[in-house]
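# Geometric and topological summary
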Amino acid sequence: MAGEAKLDFWNEEHSIILKGDGRGGLQIDATITDGRTPCSAYLRVGIVLDQSYLPGIISELREEFPIE
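Attention here is on the structure that accompanies the text. (Residues numbered from 1 in each chain as written. Predicted model: local features only at pLDDT ≥ 70, side-chain atom pairs only at ≥ 80, totals over all residues. Heavy atoms only, no water.)

Moving on, we get to the overall build of the protein. Each helix and strand in the protein was counted, giving 1 helix and 4 strands. Computed over its C-alpha atoms, the radius of gyration of the protein comes to 18 Å, more than 25% above the 11 Å expected for a compact globule of 68 residues. The principal-axis extents of the C-alpha atoms in the protein amount to approximately 60 × 20 × 20 Å. Residue pairs in contact within the protein that sit at least 24 positions apart in sequence constitute 9% of those at least 6 positions apart. Accessible area for the protein stands at about 5900 Å²; split by element, carbon and sulfur atoms hold 56% of it. Computing the positive centroid from 6 side-chain charges and the negative centroid from 12, the protein places the two 10 Å apart. (Helix = DSSP H or I, 4+ residues; strand = E, 2+ residues; numbered from the N terminus. Rg over C-alpha atoms; globule rule 2.2 N^0.38 Å. Contact = heavy atoms within 4.5 Å. Areas by Shrake-Rupley, 256 points an atom, 1.4 Å probe, with all protein chains shown as cover. Lys, Arg positive; Asp, Glu negative; His and termini not counted. Charge placed at Lys NZ, Arg CZ, Asp CG, Glu CD.)

This is the structure we're talking about:
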């Protein structure tokens, strides 16, 4: 994945943002709020994944188990 995708939820202040560098790196940022005004609580979570090793594994699997 290369680029950014943002998922907003209708009528809520929740969002999930996915950012990919095109080389297997993926960053996920999620924000969830309770929607109360003026004092709201929120949770923010960030995750960074590295999947740059997957092309090598997939290539080896294709050699071992060819698809006709």
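After presenting the structure, the write-up continues.
With that settled, consider the pattern of salt bridges. Counted according to the given criterion, the structure contains 2 salt bridges. With a closest N to O distance of 3.9 Å, K6 and D8 form a salt bridge. We classify K6 as partly exposed; its relative accessible area is 49%. Judged by its relative accessible area of 54%, D8 is exposed. For D21, the salt bridge identified is with R23, shortest N-O distance 3.6 Å. Among the residues examined, D21 registers a relative accessible area of 38% and is labelled partly exposed. Accessibility expressed as a relative area gives 64% for R23, which makes it exposed. (Salt bridge = Lys/Arg side-chain N within 4 Å of Asp/Glu carboxyl O. Buried < 20%, exposed > 50% of the residue type's maximum accessible area, 1.4 Å probe, protein only.)

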